[in-house]
Amino acid sequence: RKEVEQDPGPFNVPEGATVAFNCTYSNSASQSFFWYRQDCRKEPKLLMSVYSSGNEDGRFTAQLNRASQYISLLIRDSKLSDSATYLCVVNRRNFNKFYFGSGTKLNVKP
Amino acid sequence: DGGITQSPKYLFRKEGQNVTLSCEQNLNHDAMYWYRQDPGQGLRLIYYSQIVNDFQKGDIAEGYSVSREKKESFPLTVTSAQKNPTAFYLCASSVQQGSNYGYTFGSGTRLTVV
């Protein structure tokens, strides 16, 4: 079983829509959680960390559900510029490497 | 500005040739990493290093080698033993192992076998 699993998509949504992605992780000892954004043929860039209590950054909201071992990313009022692949990243306690999901592709259309 | 610099941006390798990808960071990060990304796939860990003069194999280390002689530098050599080297190579660094701050990535090197 993969450490981190994501629905590859693509999610095709109109501008202004609300869209949500989930990501499941297999190891209950996972400690740190992140969402990264990757544009086509570019490097991943940190979008936001995910905290236990959930956190929000503008139109983006991240949630962590430890009982069910998943994290989610909610994007409100989607913009054309939100079109990208969103990577879920997990780090295990006392481990020194991060585990990446394969990414969920989002296409926001006019 | 601090960051990670990878070079070259594009690299072409002939069959049987070794090539070295450069990665330099001025973030004063302890840990550095090399990942490979194939089209439509996630990142796979090649090698990582927590401190100078020490590094460990990742999930797909065969056909690759690294060195960490300086904190700022973590070059990756793709040897002729790597049978399918065409991919997007990403170098990253983090403040320390198990960091809660995530990674910072370089802009990547796209390697193609010709």
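Just so you know, these numbers come straight off a predicted model, no measurement behind them. (Residues numbered from 1 in each chain as written. Chains lettered and ligands numbered in written order. Predicted model: local features only at pLDDT ≥ 70, side-chain atom pairs only at ≥ 80, totals over all residues. Heavy atoms only, no water.)

**Concerning the overall build of chain A**
Across its full length, chain A holds zero helices and 11 strands. Each helix and strand of chain A, placed in order from N terminus to C terminus, yields the pattern β-β-β-β-β-β-β-β-β-β-β. Here the C-alpha radius of gyration of chain A, 13 Å, is about what a compact globule of 110 residues would show, namely 13 Å. Summarising its shape, the C-alpha atoms of chain A cover approximately 45 × 30 × 20 Å along the three principal directions. Residues counted as buried form 48% of the 110 residues belonging to chain A. Long-range contacts, defined as pairs at least 24 residues apart, comprise 58% of the intrachain contacts of chain A with a sequence gap of at least 6. Of the roughly 5,400 Å² of accessible surface on chain A, a fraction of 47% belongs to carbon and sulfur atoms. Of the side-chain charges in chain A, 15 are positive and 10 negative, and the distance between the mean point of each set is 6 Å. (Helix = DSSP H or I, 4+ residues; strand = E, 2+ residues; numbered from the N terminus. Rg over C-alpha atoms; globule rule 2.2 N^0.38 Å. Buried < 20%, exposed > 50% of the residue type's maximum accessible area, 1.4 Å probe, protein only. Contact = heavy atoms within 4.5 Å. Areas by Shrake-Rupley, 256 points an atom, 1.4 Å probe, with all protein chains shown as cover. Lys, Arg positive; Asp, Glu negative; His and termini not counted. Charge placed at Lys NZ, Arg CZ, Asp CG, Glu CD.)

**Some points on the sheet that holds strand S3 (residues 19-25) of chain B**
Pairing between sheet strands relies on hydrogen bonds along the backbone, with the strands arranged either parallel or antiparallel. All names here are of chain B. The four strands are arranged S1-S3-S8-S7 in an open sheet whose pairing can be described as antiparallel. Of all the strands in the sheet, just strand S1 (4-7) and strand S7 (64-66) have a single pairing partner and so form its edges. For this sheet the average axis-to-axis angle between neighbouring strands, irrespective of direction, equals 20°. Bridge analysis of S3 against strand S8 (residues 76-78) gives three bridges, and the strand direction is antiparallel. Its bridge partner lying in S8, Thr20 is registered against Thr77. (Pairing = 2+ DSSP bridges. Axes fitted to C-alpha atoms, helices over the stretch in contact; angles between N-to-C directions.)

**What about the nonpolar core?**
If you look at the biggest cluster of nonpolar residues, it comprises 24 residues, and the most contacted ones within it are Phe21, Trp35, Ile71, Leu73, Ile75, Tyr86 and Leu106 of chain A. Contributions of two or more residues to this core are made by strand S3 (19-25), strand S4 (30-38), strand S5 (45-50), strand S7 (60-65), strand S8 (70-75), strand S9 (84-92) and strand S11 (104-109) of chain A. Discounting chain neighbours no more than four positions away, the residues touching Ile71 of chain A are Phe21, Asn22, Cys23, Tyr25, Phe33, Phe34, Trp35, Val50, Gln63, Leu64 and Cys88 of chain A. By size, the runner-up hydrophobic cluster in this structure holds 19 residues, among which are Cys23, Trp34, Val78 and Cys91 of chain B. (Core = buried A, V, L, I, M, F, W, Y, C linked by side-chain atoms within 4.5 Å.)

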